[in-house]
Amino acid sequence: MAELRLTNTLTREKEIFEPRDPERITLYVCGPTVYNLAHIGNARPVVVFDMLYRVLRALYPQVIYARNITDIDDKIIAAARDRKEGIEAVTQEFTEKYREDMAQLNTLPPDLEPRATDNIDPMQSLITQLIERGHAYAADGHVLFDVTSMSSYGALSGRNLDDMLAGARVEVASYKRSPGDFVLWKPSSQDEPGWQSPWGWGRPGWHLECSAMIRAHLGDAIDIHGGGRDLIFPHHENERAQSCCGYGGDFVRYWLHNAYVDMDGEKMSKSLGNVRTVRELLGLYAGEVLRFALLSTHYRSPLNFSGELLDNAKTALNSFYQALRNSADIEAEHIRPEDTAAFTALLDDLNTPKAIAALHSSCKALNKADAKMAATFKGELLAMGRMMGLLGNDPEQWFTDSASSSGPTAEDIEHRLAARLEARARKDFAAADAVRDELQAQGIELEDGPEGTTWRRL
RNA sequence: GGCUCGGUGGCAGAGUGGUAAUGCAGCGGAUUGCAAAUCCGUCAACGCCGGUUCGAUUCCGACCCGAGCCUCCA
């Protein structure tokens, strides 16, 4: 079988992927905290790990992909307070919107989507276990993980406790034994959401849910755990500490992390006011354009998001769909995605730019091919597109649907094209060109081909 | 301060111990009534300085520059 290679954050090396059980692959990706709309940076890991999910499904009979919904968190509590609603109203609204937005990016839904609030019991038993094993302690209404109790704490993020102490720049809460200790359970006031526990009315710490839910839904240990680079520390480091110390074992074999999305060369942040939500961008560009843009850089490199990036993505997709449109009457040969150059590229640590190059190569071959070879190249192009979650739209629709509601209707355009056709037949090119210029001004581009005139929205 | 990652043509972006993918843009041509789309051709790059080597963009070291993380931010 073809070998999949992945860069493991834990070892900092590209390794051959060897599953625990080839019959059952387990993948867990950190999902959203549902208190606002997902921005384009939130979408990157979703698209990247969707790509991985698709590759894994092509290689193995069963892949279980879990992505959590964090529906209890201080930011959620704050948002609910602002809106004078319960947290359920907030989390339900943004969970739904998140699912809708991610579906627009043509990402497959995960097999499991566990919610933190449905898993309070497993979290509490994990805390109990950690306390019993001497890795956690209760203090001042909190339960804290004792980082000094784990010799390999810091292994994932490549730090040690001394470094962290040296770099500490935040005042340490008085109830912590050592500054690196982190919260497993925190007290809630009476008007805050909470649950009864052996340590009083309270709520779980952030890292806890992933450890508990992985155990509850996937098992003691999983193959791959993914997320954004920023999660390496503290989130994944702490998750690893909780699971390794609470349950024993390796917990995760391969840790994968994607780099950030920057906006026009700057970090995306609320204070800079350059946060772009997926929903907002979907009003301007097709979801497939956003997906393509997110895949155009290797996942471990920073991606600079800009209008130019999106325009390039759109241009590239246009050329693919153009080739498909031009070969509409040719029946594509059936080709297995696993047999394509794009798949080979993806096996090498998800080399999506290289896979895209393969797309271009087949597209060009299709454009040049005679009728017989065209079937093969078209099949190739479509197979690779299928593999990558691209090119699934109808080519005709791709060019004639509009992302916005402005612009002339299809009927209107066809009507004017008929008039232009007549003018051309009369060799009245001035009149014909006038129609074309007028449509061009309204964002419609015409193409006169041997079999008539086609049009597309720009 | 500690830790981590990166610097490839005008732009985007792969990759390699030995002629440096691909796309966009540019230029020339074919095609077209003119365009568009497509095709053909073409220009152009490995931050800096040492080291290892027959040979370094690729490995090692220093330097310069940029990015990220350092307790709840994807």
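Residues numbered from 1 in each chain as written. Chains lettered and ligands numbered in written order. Predicted model: local features only at pLDDT ≥ 70, side-chain atom pairs only at ≥ 80, totals over all residues. Heavy atoms only, no water.

## With respect to the overall build of chain A
Thought 1: The helix and strand tally for chain A stands at 16 helices and 15 strands.
Thought 2: In terms of overall dimensions, chain A has a C-alpha envelope of 90 × 55 × 35 Å along the principal axes.
Thought 3: Classification of the 458 residues of chain A by burial places 51% in the buried group.
Thought 4: Put simply, of all contacts in chain A between residues at least 6 apart along the chain, 76% involve residues at least 24 apart.
Thought 5: Roughly 21000 Å² of accessible area belongs to chain A as shown, and the carbon and sulfur atoms make up 48% of that amount. (Helix = DSSP H or I, 4+ residues; strand = E, 2+ residues; numbered from the N terminus. Buried < 20%, exposed > 50% of the residue type's maximum accessible area, 1.4 Å probe, protein only. Contact = heavy atoms within 4.5 Å. Areas by Shrake-Rupley, 256 points an atom, 1.4 Å probe, with all protein chains shown as cover.)

## Points about the sheet that holds strand β3 (residues 25-29)
Thought 1: Within the open sheet, the 4 strands sit side by side as β4-β3-β9-β10. Their pairing is parallel. Among the strands making up the open sheet, the edge pair consists of β4 (63-67) and β10 (252-258). Put simply, the sheet's adjacent strands are angled 20° from each other on average, direction ignored.
Thought 2: Relative to β4, β3 runs parallel, the two being bridged by 5 bridges. Pairing of Tyr 28 across the sheet is with Ala 66, part of β4. (Pairing = 2+ DSSP bridges. Axes fitted to C-alpha atoms, helices over the stretch in contact; angles between N-to-C directions.)

## Topic: the domain arrangement of chain A
How large an interface is tends to be reported as the accessible area lost when its parts come together.
Thought 1: Domain annotation of chain A identifies domain 1 (20-262), domain 2 (306-399) and domain 3 (407-457).
Thought 2: The C-alpha centroid of domain 3 is placed 56 Å from the C-alpha centroid of domain 1. (Domains from an automatic or database assignment.)

## Thoughts on the packing of helix α1 (residues 40-59) against helix α9 (residues 287-295)
Thought 1: One way to put it is that α1 packs onto α9 with a least axis distance of 10 Å and a crossing angle of 80°. Between α1 and α9, the angle is such that the two are roughly perpendicular. For the pair α1 and α9, contact is made by Ile 40, Ala 43, Arg 44, Val 47, Asp 50, Met 51 and Arg 54 and by Arg 291, Leu 294 and Leu 295, respectively.
Thought 2: Among the residues making up the contact of α1 with α9, the classes are represented as 6 nonpolar, no polar and 4 charged. (Parallel < 35°, antiparallel > 145°, perpendicular 65-115°, else oblique. Nonpolar A, V, L, I, M, F, W, Y, C, P; charged D, E, K, R; others polar.)

## Concerning the pattern of salt bridges
Thought 1: Going through the model one piece at a time under the given rule, you end up with 32 salt bridges.
Thought 2: Note that Glu 338 is salt-bridged to Arg 336, the shortest N-O span being 3.9 Å.
Thought 3: Arg 424 is paired through a salt bridge with Asp 448; the nearest N and O atoms lie 3.4 Å apart. One end of the pair, Arg 424, is in helix α15 (residues 410-425); the other, Asp 448, is in strand β14 (residues 444-449), and 24 residues separate them in sequence.
Thought 4: With relative accessibility at 31%, the residue Arg 424 sits in the partly exposed group.
Thought 5: Shared partners join several salt bridges into a network, and the residues in it are Asp 74, Arg 81, Lys 186, Glu 192 and Arg 203. (Salt bridge = Lys/Arg side-chain N within 4 Å of Asp/Glu carboxyl O.)

## Digging into the packing of aromatic side chains
Thought 1: Inspection of the entire model under this criterion finds 8 aromatic pairs.
Thought 2: With a centroid separation of 6.0 Å and an interplanar angle of 75°, the aromatic rings of Phe 17 and Tyr 60 are classed as edge-to-face. In this pair, Phe 17 sits in the loop between β2 (13-16) and β3 while Tyr 60 sits in the loop between α1 and β4, placing the two residues 43 residues apart along the sequence.
Thought 3: Judged by its relative accessible area of 10%, Tyr 60 falls in the buried class. (Phe/Tyr/Trp six-rings, centres within 6.5 Å; stacked < 30°, edge-to-face > 60°.)

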